[in-house]
Amino acid sequence: MEFDSILILTILVVFGALAFDFINGFHDTANAIATSVSTKALSPRRAILMAAVMNFVGAMTFTGVAKTISKDIIDPFTLENGSVVILAALIAAIAWNLITWYYGIPSSSSHAIIGSIAGAAIAAAGFGALHYSGFLKIIYGLLLSPILAFAVGFVFYNVIKQIFKNANLTKTNNSFRKVQVVTAAFQAYSHGTNDAQKAMGIITMALIANGYTESTDIQLWVQISCAVAMGLGTSIGGWKIIKTVGGKIMKIRPVNGVSADLTGASVILGASALGIPVSTTHVITSSILGVGASHRLRGVKWGTAKTMMITWCITLPISATLAAISYFILDLFF
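Chains are numbered independently. Their residues run from 1 in the order of the written sequence. Only residues with pLDDT of at least 70 are given local features in this predicted model, and only at 80 or more are side-chain atom pairs given and counted; all residues enter the totals for whole chains, interfaces and linings. Only hydrogens and water are removed before side-chain values are computed, so all heavy atoms of the structure are retained for them.

Within the protein chain, the regular secondary structure consists of twelve helices and zero strands. Here a strand is any run of E in DSSP of at least two residues, a helix any run of H or I of at least four, and the numbering for each starts at the N terminus. For the protein chain, the sequential pattern of α-helices and β-strands runs α-α-α-α-α-α-α-α-α-α-α-α. Relative to the globule expectation of 20 Å for 334 residues, the C-alpha radius of gyration of the protein chain, 20 Å, shows essentially globular dimensions. Burial classes follow relative accessibility: with a 1.4 Å probe on protein chains only, a residue under 20% of its type's maximum area counts as buried, one over 50% as exposed, and anything between as partly exposed. A buried classification covers 57% of the 334 residues belonging to the protein chain. Within the protein chain, counting contacts between residues at least 6 apart in sequence, those at least 24 apart form 87% of the total. Positive and negative charge centroids in the protein chain, built from 21 and 12 side chains respectively, lie 33 Å apart. Our radius of gyration looks at C-alpha atoms and nothing else; its globule reference is 2.2 Å times the residue count to the power 0.38. Here a residue-residue contact requires only that any non-hydrogen atoms of the pair lie within 4.5 Å. We treat Lys and Arg as the positive residues and Asp and Glu as the negative residues; His and chain ends play no part in the count. Here the site of a charge means atom NZ of a Lys, CZ of an Arg, CG of an Asp or CD of a Glu.

On to the packing of aromatic side chains. The criterion for an aromatic pair is that two Phe, Tyr or Trp rings (for Trp, the six-membered ring) have centres within 6.5 Å, with stacked assigned to planes under 30 degrees apart, edge-to-face to planes over 60 apart and tilted to the rest. For the structure on display, the rule yields two aromatic pairs. Aromatic side chains F164 and F176 sit 5.2 Å apart centroid to centroid with 75 degrees between the ring planes, which places their arrangement in the edge-to-face category. Of this pair, F164 sits in the loop between α6 (132-163) and α7 (169-209) while F176 sits in helix α7; the two residues are twelve residues apart in sequence, bridging distant segments of the chain. Here F164 falls in the partly exposed class, since its relative accessible area comes to 35%. F176 gets classed as buried once you look at its relative accessible area, which sits at 8%. Aromatic side chains Y327 and F328 sit 6.0 Å apart centroid to centroid with 65 degrees between the ring planes, which places their arrangement in the edge-to-face category.

A word on the pattern of salt bridges. What counts as a salt bridge is simple: a side-chain nitrogen of Lys or Arg found within 4 Å of a carboxyl oxygen of Asp or Glu. Per the counting criterion, the structure on display carries four salt bridges. The partner of D217 in a salt bridge is K67, and the shortest N-O contact between them spans 3.4 Å. With D217 in the loop between α7 and α8 (220-236) and K67 in helix α3 (residues 64-72), this pair connects stretches of sequence that are 150 residues apart. Given the relative accessible area of 44%, D217 is considered partly exposed. By relative accessible area, K67 is classed as partly exposed at 28%. For K71, the salt bridge identified is with D72, shortest N-O distance 3.2 Å. In this structure K71 comes out as partly exposed when scored by relative accessible area, which is 35%. Shared partners join several salt bridges into a network, and the residues in it are K71, D72 and K137.

Packed helices, taken two at a time, are described by their axes: the angle between them and the distance between them. Every axis corresponds to a line fitted to the C-alpha atoms, with the helix fit spanning only the stretch in contact, and the corresponding angles, defined between N-to-C directions, vary from 0 to 180 degrees. Between helix α2 (residues 44-59) and α8, the shortest axis-to-axis distance is 8 Å and the interhelical angle comes to 165 degrees. With respect to their mutual orientation, α2 and α8 come out roughly antiparallel. Crossing hand, α2 versus α8: right-handed. Contact residues: I48, A51, A52, N55, F56 and A59 in α2; Q223, I224, A227, V228, M230, G231, T234, S235 and I236 in α8. Grouping the amino acids of the contact of α2 with α8 by side-chain chemistry returns ten nonpolar, five polar and no charged. Angle categories: roughly parallel below 35 degrees, roughly antiparallel above 145, roughly perpendicular from 65 to 115, and oblique for all the rest. Take the far helix as your reference; a near helix turned counterclockwise from it by less than a right angle gives a left-handed crossing, and one turned clockwise gives a right-handed crossing. Residues are grouped as follows: Ala, Val, Leu, Ile, Met, Phe, Trp, Tyr, Cys and Pro are nonpolar; Asp, Glu, Lys and Arg are charged; all remaining types, including Gly, are polar.

The pocket and cavity definitions rest on a 1 Å grid over protein atoms only: a 1.4 Å probe that fits but cannot leave marks a cavity, an open set with protein on both sides within 12 Å along at least five of seven lines marks a pocket, and residues lining either have an atom within 4 Å of a point. Grid points are joined across faces, edges and corners, and a volume is the space filled by probe spheres set on the points. Of the voids in this model, the largest pocket is the one considered here, and its volume is about 370 Å³. Taken together, 15 residues make up the lining of the largest pocket; nearest its centre are L143, P146, H282, M309 and W312. Secondary structure elements with two or more residues in the lining of the largest pocket: α6, α11 (280-295) and α12 (302-331). Sorting elements by how many residues they give to the lining of the largest pocket places α6 first, with six residues. Of the residues assigned to the lining of the largest pocket, the class counts are twelve nonpolar, three polar and no charged.

This is the structure in structure tokens:
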């Protein structure tokens, strides 16, 4: 492969990763702000602007998840045709994100990109291309984090109910509506600490594969560009998904929203601190489900939850298949 081709592929991967990050921003905006919008704690415009700023701040805070993405799924130092693999993964993940956004389904961008990287790598070099220990660690994180979020949300809301069981409902809700402005900001911040880093890891993989760096450390320009892309994407908003997360799971009151926000943000931030990529969509939605089940089991619209779970289950295999197809097509040209 000639130097010009390597440079072109690298540029394409960088732009593709930033596009993925941008789409991730408006695709997953709902996760951070849906509860605060549905309870009218924040107007949609203010909620989105706040989320954009806090996403940017969060993206500039951590790099552990980016390092995990860059080295734990495949080895960018040894994978042949690595740039084509990464570009194919990005095309597949972006395609799946846009399809689910169009239909208003809060699917997981994390599942999409991780499944896509695995699918493209397998297409290029067989199943031996995967780092199974690292890949399984990521899969365990993706599977266990929503279960943890559901359990914590259930317990946390029970504690809140006990503390405020004798309080005036109207006054309590008004107070929690004000608190929710802060918890929504915390949620948006945690979202940035995890989701924006996936694009950082992908760009770093491409830089390693093409010989532009010999380290998995995240370069400052990569971190800033991904943080900006995520923030800009968030500023556009994802109204279809906001409606699903904010109203089609359960009727959310301010006290529910605060409980779900704190639960989701705590689980995501803990994962980011450990360098574990999780699905912010899964975590936040599971937090709402856990709070809803604790509040009133019949109040949760389990049909909507079932649809989401089906989408979550099919995202990994579909994105992997799309990435494999994309790789075979790209391989004809590069």
